[in-house]
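A look at the structure
The primary structure of each chain is shown beneath.
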Amino acid sequence: MNDILQGLSQAAQLVITGDADLVEITALSLQVSLGATVIASVIGLPLGAWLAVNRFRARRFVIALLNAFMGLPPVVVGLIVYVLFSRSGPFGVLGLLFTPTAMVIAQVIIITPIIASVAHQAIRELWADYHDLLISLNATRGQRIRTLLWDGRRALMTASLAGFGRAIGEVGAIMIVGGNIDHATRVLTTAIALETGKGEFGMALALGFVLIAVAVLVNLGVHFLSRTERGSRW
Amino acid sequence: MVSSILPLKIEAVTVRRGGRQILGPIDWVLDGQGLTILMGPNGSGKTTFLRVMHGLERVGRGQIAWNAAAGDVRARQAFVFQTPIMMRRSVLDSIAYPLLLDGVARQKAMTEAEALAAQMGLGGLLNQPAQAISGGEKQKLALARALIRAPDVLFLDEPCANLDGRATKEIERILTEVRAGGTRIVMSTHDIGQARRLADDILFLHHGRLIETGPKAAFFEAPKTPEATAHLNGDLIP
Ligand SMILES: Nc1ncnc2c1ncn2[C@@H]1O[C@H](COP(=O)(O)OP(=O)(O)OP(=O)(O)O)[C@@H](O)[C@H]1O
Ligand SMILES: [Mg+2]
């Protein structure tokens, strides 16, 4: 209990003094996780919508695959990305291992299935509502998907936020592909793991609280932005 | 003048659902002018028949053929569903939506939608979420959305089911105007008074089959089948 209070006060101290290291790793955390969320959303949201609207033979299989990928162990994803991008791997020449880019790639692999799956669920419900109308109005395939994405944007936002939440709190994969290098690839979660390993629980907790605060703030920010939009009653 | 999408020829069409034949076999031709009213008891197949004509139902046997020379026939029909489908958009955006699909410029679409909304008595609700307005208002919205493309053929499935007397009159006035404008209308209703007021001719469905078709006067004055007679008298159908 004492540790926790101490962690809280240490967190406050770090934030108030604008600790340079804290700012740096927090910024990198946000940069990597938001980057991964944006990329994964660009892939996952239309994929989810497309799966909801189209009937094709392998559809069930793809959905089952997606759901299975949601549970991918991050450590294994990290390991695979590591092998692919290591010097002797197929993408070794790119020299991406131990860079934030590699971390983004690993996170994209981890959260795209989550975003696509949540989006698929939401769009499927909307499509059930809209189906007859959109067919009746002779909307083209592309128009249907665009309409569903737009009218379902609230739910899709939630899908993206679920992905972001997973990304910002993820440690296993980015530890492996990023290497937790100070001033290069250290982010909040890997810093917490490091401090914990050193027995610096106060510091680890402090970083943990900052992590929670960042995650909450991003969610609140997105929520606030979507509230101010016209027609926000949806 | 583009050629009409009519006639619509329906030949020996049947629909099976859940191991049961729920419609047909039906032979009918939709052509000419005017307003056709589809009557029949609950479950007789009115909704199914309307949906078949609009191409929303998978049919078993039989043929449904629009005048193919007219090009894209779906785009020139409109359908008002028995249960209005409301989009997660404002009333104004919902009415303008079909125009936006057609690639009409946003500003122009909005202006047209606003004018039509006002005409339909929805002028005060433009910025309300479509899903939050009353049942009757939803039906008016659905009608406005169907009319905004000025369709050649308009299908309506009990469009006045939830409307009060005044709103019903209002819709009937609009439908009369639309009909006079040359739109071919087919609508179902349980309201016999409405059928008398609006119909040029009547289709009577029973157990999925068209057992009577013909001009309004003949149908109301001297129905040929005991089923139609009973229906008009509000009796249980034999
Ligand atoms: N998808 C379906 N699966 C099984 N049965 C169906 C299906 N759709 C319709 N039916 C049945 O077909 C029959 C005709 O239905 P339909 O909705 O066309 O009737 P209706 O004349 O419009 O009735 P109402 O006046 O109540 O609107 C009903 O008995 C209905 O239960
Ligand atoms: Mg019906």
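A short tour of the structure in this document, coming up. Worth saying up front: this structure is predicted, and the values here are computed from it rather than measured. (Residues numbered from 1 in each chain as written. Chains lettered and ligands numbered in written order. Predicted model: local features only at pLDDT ≥ 70, side-chain atom pairs only at ≥ 80, totals over all residues. Heavy atoms only, no water.)

Summed over all chains, the structure comprises nine aromatic pairs over all chains. Ring centres of Y82(A) and F98(A) lie 6.0 Å apart, and the angle between their planes is 70 degrees; this geometry places the pair in the edge-to-face category. In this pair, Y82(A) is assigned in helix α4 (residues 74-85) and F98(A) in the loop between α4 and α5 (100-136), connecting sequence segments 16 residues apart. Under the relative-accessibility criterion, F98(A) is labelled partly exposed at 35%. With a centroid separation of 4.7 Å and an interplanar angle of 40 degrees, the aromatic rings of F79(B) and F81(B) are classed as tilted. These aromatic residues form a ring-pair network of at least three members: W66(B), F79(B), F81(B) and F155(B). (Phe/Tyr/Trp six-rings, centres within 6.5 Å; stacked < 30°, edge-to-face > 60°. Helix = DSSP H or I, 4+ residues; strand = E, 2+ residues; numbered from the N terminus. Buried < 20%, exposed > 50% of the residue type's maximum accessible area, 1.4 Å probe, protein only.)

So, about the coordination of the magnesium ion (ligand 2). Residue and element names in this part refer to chain B. Summarising the metal site, the magnesium ion (ligand 2) is bound by the protein donors T47 (OG1) and Q82 (OE1), whose distances to it range over 1.9 to 2.3 Å. Pair noted here: T47 is in helix α1 (residues 46-54) and Q82 is in the loop between β5 (77-80) and α2 (91-101), with a separation of 35 residues, a long-range link. Of the residues examined, Q82 reaches a relative accessible area of 33% and is grouped as partly exposed. (Donors = N, O, S within 2.8 Å, 3.2 Å for Na, K, Ca; no water.)

Residue and element names in this part refer to chain B. Close contacts around ligand 1 come from 14 residues, with G43, K46, T47, T48 and H190 the closest. One nitrogen or oxygen atom from the side chain of K46 is found 2.7 Å from an oxygen atom belonging to ligand 1. Notes on ligand 1: free accessible area 640 Å², of which the protein chains cover 63%. Mapped onto the shell around ligand 1, the elements with two or more residues apiece are β2 (20-30) and α1. In terms of residues, the shell around ligand 1 owes the most to one element, α1, which gives three residues. Looking at the shell around ligand 1 residue by residue, the class counts come to two nonpolar, eight polar and four charged. (Near = heavy atom within 4 Å. Polar contact = N/O pair within 3.5 Å; in protein donor to acceptor, adjacent residues only side chain to side chain. Areas by Shrake-Rupley, 256 points an atom, 1.4 Å probe, with all protein chains shown as cover. Nonpolar A, V, L, I, M, F, W, Y, C, P; charged D, E, K, R; others polar.)

By size, the foremost hydrophobic cluster in this structure holds 72 residues, and its most contacted members are W28(B), F49(B), M53(B) and F155(B). The element contributing the most residues to this core is α5(A), with 16 residues. Judged by nonpolar contacts, the second largest core, of 49 residues, contains M39(B), L147(B), V178(B) and I185(B). (Core = buried A, V, L, I, M, F, W, Y, C linked by side-chain atoms within 4.5 Å.)

Pairing between the strands of a sheet comes from backbone hydrogen bonds, and it takes one of two forms, parallel or antiparallel. Residues and elements named next belong to chain B. Strand order in the open sheet formed by six strands is β5-β6-β7-β3-β8-β9, and the pairing between neighbours is mixed. With one partner strand each, in any of the chains shown, β5 and β9 (209-215) form the two edges of the open sheet. Looking at each pair of strands side by side, their axes are set apart by 15 degrees on average, direction ignored. Pairing of β5 with strand β6 (residues 153-157), which is carried by four bridges, proceeds in the parallel orientation. Bridge pairing in β6 places V80 opposite L156. On top of the sheet, helix α4 (residues 135-147) reaches β5 and β6; it is set at about 175 degrees to β5, its chief contact. (Pairing = 2+ DSSP bridges. Axes fitted to C-alpha atoms, helices over the stretch in contact; angles between N-to-C directions. Contact = heavy atoms within 4.5 Å.)

Attention now moves to the pattern of salt bridges. Per the stated rule, a full pass over the model turns up 15 salt bridges over all chains. For D132(A), the salt bridge goes to R51(B), with nearest N and O atoms at 2.7 Å. Of the two residues, D132(A) is situated in helix α5 and R51(B) in helix α1; the pairing between them involves two chains. Like D132(A), the residue R51(B) is buried in the burial classification. As a salt-bridge pair, R149(B) and D102(B) come within 3.0 Å of each other at their nearest N and O atoms. Of this pair, R149(B) sits in the loop between α4 and β6 while D102(B) sits in the loop between α2 and α3 (106-119), and the two are 47 residues apart along the sequence. Three or more residues joined by partner-sharing salt bridges are found here, namely D132(A), R17(B), R51(B) and E57(B). (Salt bridge = Lys/Arg side-chain N within 4 Å of Asp/Glu carboxyl O.)

With ten of eleven residues buried, α2(B) is to be regarded as a mostly interior element. Considered for burial, the residues of α2(B) that qualify are V91(B), L92(B), D93(B), S94(B), I95(B), A96(B), Y97(B), P98(B), L99(B) and L101(B). Where the residues of α2(B) are buried, they touch α5 and α6 (141-151) of chain A together with α3 and α4 of chain B. G103(B) sits one or two residues past α2(B) and shows a positive phi near 85 degrees.

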